[in-house]
Amino acid sequence: MESSNLAVAEKQQPELQYKKKPVYDAVKRVFDIVVSLCALVVLGIPLLAVGCIIRLTSDGSAIYCDHRIGKNGKEICVYKFRSMYIDAQEHIRDYLNDEQYRDWLSERKVDNDPRITPIGRFLRKTSIDELPQLINILKGDISFVGPRPLIMSELDENFTTSQQKLLLSCKPGLTGNWGAHGRSNVSYESGERQLMELEYVERRGMLFDIKLIFATVIAVFNGNGAQ
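Residues numbered from 1 in each chain as written. Predicted model: local features only at pLDDT ≥ 70, side-chain atom pairs only at ≥ 80, totals over all residues. Heavy atoms only, no water.

Novice: Give a detailed account of the packing of aromatic side chains, specifying residues and quantitative values.
Specialist: Ring pairs (aromatic) are described by centroid distance and by the angle formed between their planes. Throughout the structure, instances matching the rule amount to five aromatic pairs. Measuring from ring centre to ring centre gives 6.3 Å for Y85 and Y95, while their planes differ by 10°; the resulting arrangement is stacked. Placement of Y85 in the loop between β2 (75-81) and α3 (92-95) and of Y95 in helix α3 is noted, with a sequence separation of 10 residues between them. Given a relative accessible area of 24%, Y95 falls into the partly exposed group. On the basis of an interplanar angle of 85° and a centroid distance of 6.1 Å, the ring pair of F159 and Y188 is categorised as edge-to-face. With F159 in the loop between α7 (152-158) and α8 (161-167) and Y188 in the loop between α9 (177-181) and α10 (192-203), this residue pair connects regions lying 29 residues apart in the sequence. Residue classification places F159 among the buried positions, given a relative accessible area of 1%. On the accessibility criterion, Y188 (0% relative accessible area) is buried. (Phe/Tyr/Trp six-rings, centres within 6.5 Å; stacked < 30°, edge-to-face > 60°. Helix = DSSP H or I, 4+ residues; strand = E, 2+ residues; numbered from the N terminus. Buried < 20%, exposed > 50% of the residue type's maximum accessible area, 1.4 Å probe, protein only.)

Here you go:
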């Protein structure tokens, strides 16, 4: 499955190049700082309430660190509300059947994932589990819009070396082209997700970013592709 995904990526590799956009990057960073800071102030108490509910309904901390690859290949700690049982990763084969495990190896997504807690299902469906990443945006680890931050094995299995270089040339985002228009409905196996993530790098700009933010809000409210 891993080799077939990479074969699809090689076959469909678009002729894209990274273009430096210093003015856009500067404006985008100011936008990230101002909006993330305001959002943290406004959502501070609700976020604390969500954290308390998670702690009261299952064992483990409310927030966990998801290690991902950021701009220029730097490893970053992406913050998320914990939506899985605390032993879900260490004992993954105890939770998933063979078919689910194959899906997880290929897409890092599983339909009706039994590792997710009841409150975690609501958090994922509404994308509330992603809100702690406002801290990452304020820190500069990620931006509001960009390719989704991936793990190293995900990059190696689904993107060619040149595609990885292109993808990691810009800061990852809380949402992006795939996050707004694809989410879990678009897979690596078909090659569509690779193309959507790479397309963002070439098309990135403030107008495109704003369109993707609005599209993401609509997708979240409609529950499209959320798992």
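And the narrative resumes.
Novice: Explain the pattern of salt bridges residue by residue, including any values.
Specialist: Taken as a whole, this structure holds 10 salt bridges when the rule is applied. With a closest N to O distance of 3.7 Å, K28 and D209 form a salt bridge. Residue K28 is found in helix α2 (residues 22-57), and its partner D209 is found in helix α11 (residues 206-222); the two are separated by 181 residues along the sequence. For the pair formed by K28 and D209, the shared burial category is buried. D98 is the salt-bridge partner of R93, the closest N and O atoms lying 2.8 Å from each other. Overlapping salt bridges, with partners in common, bring together D66, R68 and K80 in one network. (Salt bridge = Lys/Arg side-chain N within 4 Å of Asp/Glu carboxyl O.)

Novice: Go over the pairing of β2 with me, naming the residues and quoting the values.
Specialist: Walk down a regular strand and you will see the side chains alternate between the two sheet faces. Direction of pairing for strand β1 (residues 63-69) relative to β2: antiparallel, over a ladder of seven bridges. Residue pairing in the sheet places Y64 in a bridge with K80 of β2. Linkage of β1 to β2, two consecutive antiparallel strands, is achieved through a turn of five residues, within which N72 is found at a positive phi near 60°. (Pairing = 2+ DSSP bridges.)

Novice: Account for α2, naming residues and giving values.
Specialist: Taking 1.5 Å of rise per residue, 36 residues should cover 52 Å, yet α2 covers just 46 Å from first to last C-alpha, more than 12% shy of that figure. Maximal helix bending in α2 amounts to about 60°, located at L43; proline P46 follows within four positions. Of all the residues in α2, the buried ones are Y24, K28, D32, S36, A39, L47, V50, G51 and I54. (Expected span 1.5 Å × (residues − 1). Bend = angle between axes of the 7 residues up to and from the residue.)

Novice: Could you give an account of the state of the cysteines, with specific residues and numbers?
Specialist: Tallying each qualifying case throughout the model produces one disulfide. Here C65 is linked by a disulfide to C77, with a sulfur-sulfur distance of 1.8 Å. Linking C65 in strand β1 with C77 in strand β2, this pair joins segments that are 12 residues apart in sequence. (Disulfide = S-S within 2.5 Å.)

Novice: Hey, could you go over helix α5 (residues 118-125) for me, with residue numbers and the actual values?
Specialist: All of the buried residues in α5 are G120, L123 and R124. Seen end-on, α5 carries its buried residues on one side only, within an arc spanning 95°. Structurally, α5 contributes buried residues whose contacts are with α2 and β2. Where α5 terminates, the next one or two residues include S127, which has phi positive at roughly 65°. (Arc of directions from axis to C-beta. Contact = heavy atoms within 4.5 Å.)

Novice: I'd like a rundown of the packing of α2 against α11, residues and numbers included.
Specialist: Closest axis-to-axis distance for the α2/α11 pair is 11 Å, and the angle between their directions is 35°. Every residue of α11 that contacts α2 at Y24, V27, K28 and F31 is listed here: M206, D209 and I213. (Axes fitted to C-alpha atoms, helices over the stretch in contact; angles between N-to-C directions.)

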